[in-house]
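Notes for the structure review
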Amino acid sequence: MNKKIISSVMAAVLTFGICGCSEQSVDPVTAPVYDEPIIASQLVEKEGRQYIESNGVPYLFMGIQIRVDYLTRLEKQEPEKLERYFELARGMNVTSVQIPIAWSDVEPEKDQYTSEVIDTYMGFCNKYDLKMEILWYGSNMCGSTEGGGRSAGTLENGSFYVDTSGHFTQGHVPFYISIDPDTYPRYPVRNTEWVFGRHYRLIPDAETTMEREAAAITYLMNAVWEYDRTHGGKRTVIGVQVENEPNMIYTYPDIVNEMSAAGVNLDEVKEATLRQLDVMGQAVKNSKYKTYTRVNLSMTGDHWDFAEKCAATEGIDFVGMDAYGYDSYVGLNGVIDDLQAIPGNYANIPEMGGDYSNNDALQLLTFKKGGGYSVFELVSTTSEFFADWRYIALYTSDLNKNLWTDRLMEANAIFRGGACILASAKEEDFLAFNLLAQQNSEEMQTSSSCDVTWSTQSRGIAYAVEKDGYLLFASTQADTMQIEGVLMDQIEFGIYDSFGKWQKDGDANGFSSNKIILEPGRIYRAK
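Residues numbered from 1 in each chain as written. Predicted model: local features only at pLDDT ≥ 70, side-chain atom pairs only at ≥ 80, totals over all residues. Heavy atoms only, no water.

1. Some details on the overall build of the chain
Scanning the chain from terminus to terminus reveals 15 helices and 26 strands. The buried share of the chain, taken over its 527 residues, is 61%. Partitioning the intrachain contacts of the chain with sequence separation of at least 6 by distance along the chain shows that 72% fall at a separation of at least 24. With the model as given, the accessible surface of the chain reaches about 19,500 Å², and the carbon-plus-sulfur share is 48%. (Helix = DSSP H or I, 4+ residues; strand = E, 2+ residues; numbered from the N terminus. Buried < 20%, exposed > 50% of the residue type's maximum accessible area, 1.4 Å probe, protein only. Contact = heavy atoms within 4.5 Å. Areas by Shrake-Rupley, 256 points an atom, 1.4 Å probe, with all protein chains shown as cover.)

Right, dumping it as structure tokens:
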């Protein structure tokens with residue numbers, strides 16, 4: 001699809017307006033804070049460091065997914081009843097939650113748009129001081145279109161499914177898309193039934209489909225703008241993931257075999273997918289509420305070539321890898337290096353399993369190197385379809401912690417309290433300790449002005465970051481740090497708030513030498 005066609009699609013979607021937003025008691029209405037379109041977040045580069053900035057403040061991408069689509073579609077929980085999961089996420093000390101918003105959440109019936117779901121989740125985020133990243137679950141969900149269903153009947157051009165409780169299962173795309181293959185064309189492969197109903201594969205860059213999906217994204221982002229400006233202007237939505245592992249449509253082995261057997265040209269599928277992602281990303285960019293856009297990729301097939309081409313499009317700002325299986329220092333370090341080798345790219349790790357015992361150290365490595373990191377997922381579902389995935393979550397469905405939940409919670413606390421500094425500091429001035437996650441470790445590292453020796457006998461992790469004339473340092477355990485190059489009589493402790501301002505809680509007095517036994521979780525700052 002050429003630029004002329006892309007422009008015609010965008011012109012069409014901009015004709016869709018927004019309707020009134022439902023109000024949430026958890027988040028009081030305010031007078032409008034702004035009246036013009038805003039840039040809520042963007043990718044910036046300063047002093048050789050690339051990072052996300054929101055409202056002029058460096059933003060540390062440290063998130064966790066709440067699979068609200070599982071909770072609502074499979075467990076039949078209502079969106080307004082999900083507040084406890086947002087509270088649980090805030091207890092994990094993350095800066096943001098990744099929240100799936102399906103096309104069918106926004107447009108449940110053709111031309112019938114609603115902001116009820118996004119309003120509800122933004123209200124919960126505001127209550128618990130969380131940013132929200134929207135995971136746009138549209139027409140390409142891991143290489144498939146998930147069409148939902150209403151009954152066990154059969155219809156050749158339909159998409160029908162009944163879950164074990166006999167209820168209608170809502171797919172990620174509106175039902176009218178699923179039952180009209182003449183208007184919304186798909187590849188000539190067999191439909192398969194799975195958790196969200198009938199799976200098929202829409203042709204990614206079919207103009208009719210792109211126009212409908214881009215219109216839904218435009219409506220969604222304009223609704224975000226309306227809610228945000230009338231609820232304090234907090235820039236609650238920080239960014240948008242466009243589709244989910246979309247490269248699987250031409251790289252995942254089972255899909256490749258099926259498409260190839262049907263005579264589908266996979267190179268053309270790849271190019272069609274790139275065009276679709278570009279158009280969907282531009283829908284975000286052309287809305288009233290503009291944020292960064294990103295794509296997460298499965299590490300299958302020629303994912304690096306696809307990543308570079310995707311990051312070069314006008315509609316997508318950066319590309320990340322769901323780096324399952326790369327849960328070691330060497331493995332993840334290599335993935336981050338490859339992501340940073342893509343021109344203009346931000347090294348984002350959108351999904352890592354919550355069952356990894358070293359998530360704390362992997363996050364620290366990612367932050368040191370200037371990237372973002374998100375854990376999949378907060379809480380497991382009771383659905384039988386995901387029985388094998390239940391061990392991945394940080395909490396079971398009845399909200400019991402896994403073995404490593406507290407460890408990650410403790411690490412997140414020292415990351416969140418120094419977020420703006422950790423996001424924007426130069427890598428050479430970001431000293432990260434115990435990246436190999438050892439029980440006993442002693443390390444000496446040097447920044448521009450300081451020599452720091454740190455030791456642990458209790459599997460702690462720590463950082464010492466030099467920026468703007470200060471050294472910020474913290475550890476998860478009662479570990480020892482010896483520092484040369486700071487004034488030991490001018491050490492204080494506190495946190496950086498969401499506005500990037502240092503909030504002092506007290507002075508750290510009584511140090512007779514340069515060796516300090518750190519209080520677990522306390523963030524220190526020295527000149």
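2. Describing the pairing of strand β23 (residues 491-496)
Among the six residues in β23, five count as buried, and that is most of the element. Examined bridge by bridge, β23 and strand β26 (residues 523-526) share three bridges and lie antiparallel to one another. Bridging across to β26, Ile 491 finds its partner in Ala 526. As defined by bridge partners, β23 adjoins strand β24 (residues 502-507) across five bridges and the pair is classed as antiparallel. Residue pairing in the sheet places Tyr 496 in a bridge with Trp 502 of β24. (Pairing = 2+ DSSP bridges.)

3. Focus on the sheet that holds strand β4 (residues 57-59)
If you trace the three strands from one edge of the open sheet to the other, you get β2-β3-β4, paired in antiparallel fashion. Each having just a single partner strand, β2 (42-46) and β4 make up the two edges of the open sheet. Strand-to-strand, the axes of this sheet are offset by a mean angle of 55 degrees, without reference to chain direction. By the bridge criterion, five bridges tie β2 to strand β3 (residues 49-54) in an arrangement that is antiparallel. Bridge assignment links Leu 43 to a residue of β3, and that residue is Ile 52. (Axes fitted to C-alpha atoms, helices over the stretch in contact; angles between N-to-C directions.)

4. Some words on the pairing of β3
Among the six residues in β3, six count as buried, and that is most of the element. Here β3 shows no split at all, with Arg 49, Tyr 51 and Glu 53 on one side and Gln 50, Ile 52 and Ser 54 on the other all buried. Here β2 folds back onto β3, and the loop between the two strands holds two residues, one of which, Glu 47, carries a positive phi near 55 degrees. Sheet analysis places β3 next to β4, joined by three bridges and oriented antiparallel. Following the sheet pairing, Ile 52 is matched in β4 by Tyr 59. Between β3 and β4, which pair antiparallel and follow one another directly, the connecting turn spans two residues, one of which, Asn 55, has a positive phi of 55 degrees.

5. Description of the packing of aromatic side chains
This structure, assessed with the given rule, holds 16 aromatic pairs. On the basis of an interplanar angle of 10 degrees and a centroid distance of 5.3 Å, the ring pair of Phe 473 and Tyr 524 is categorised as stacked. Taken together, the residues Phe 473 in strand β21 (residues 470-475) and Tyr 524 in strand β26 connect sequence positions 51 residues apart. With respect to class, Phe 473 is no different from Tyr 524; both count as buried. Grouping aromatic residues by their ring pairs yields a cluster made of Phe 367, Phe 415, Phe 430 and Tyr 463. Between Arg 522 and the ring centre of Phe 493, over which it is positioned, the NZ or CZ distance is 3.6 Å. (Phe/Tyr/Trp six-rings, centres within 6.5 Å; stacked < 30°, edge-to-face > 60°. Lys NZ or Arg CZ within 6 Å of the ring centre and 35° of its normal.)

6. A look at helix α14 (residues 405-416)
An ideal rise of 1.5 Å per residue puts 16 Å on 12 residues; α14 measures up with 16 Å between its terminal C-alpha atoms. Every buried residue of α14 is accounted for by Thr 405, Leu 408, Met 409, Ala 411, Asn 412, Ile 414, Phe 415 and Arg 416. (Expected span 1.5 Å × (residues − 1).)

7. A closer look at the environment of Leu 408
When you line up the elements, Leu 408 lands in helix α14. Once the C-alpha coordinates of Leu 408 and Leu 394 are considered, the two residues, 14 residues apart in sequence, prove to be 9.2 Å apart. Ignoring anything within four residues of it in the chain, the contact list for Leu 408 reads Met 92, Asn 359, Asp 360, Gln 363, Val 375 and Leu 394.

8. Focus: the pattern of salt bridges
The tally for this structure, following the rule as stated, stands at 24 salt bridges. Of the charged contacts in the structure, one is a salt bridge between Lys 270 and Asp 305, with a shortest N-O distance of 2.3 Å. Separated by 35 residues along the polypeptide, Lys 270 in helix α10 (residues 266-285) and Asp 305 in helix α11 (residues 303-311) bring together distant segments of the chain. Asp 305 sits in the partly exposed class, given a relative accessible area of 33%. One salt bridge connects Asp 507 with Lys 504, and the closest N-O pair in it is separated by 2.8 Å. For Asp 507, a relative accessible area of 43% gives the class partly exposed. Each of Lys 270, Asp 302, Asp 305 and Lys 309 takes part in salt bridges that share partners, so that together they form one network. (Salt bridge = Lys/Arg side-chain N within 4 Å of Asp/Glu carboxyl O.)

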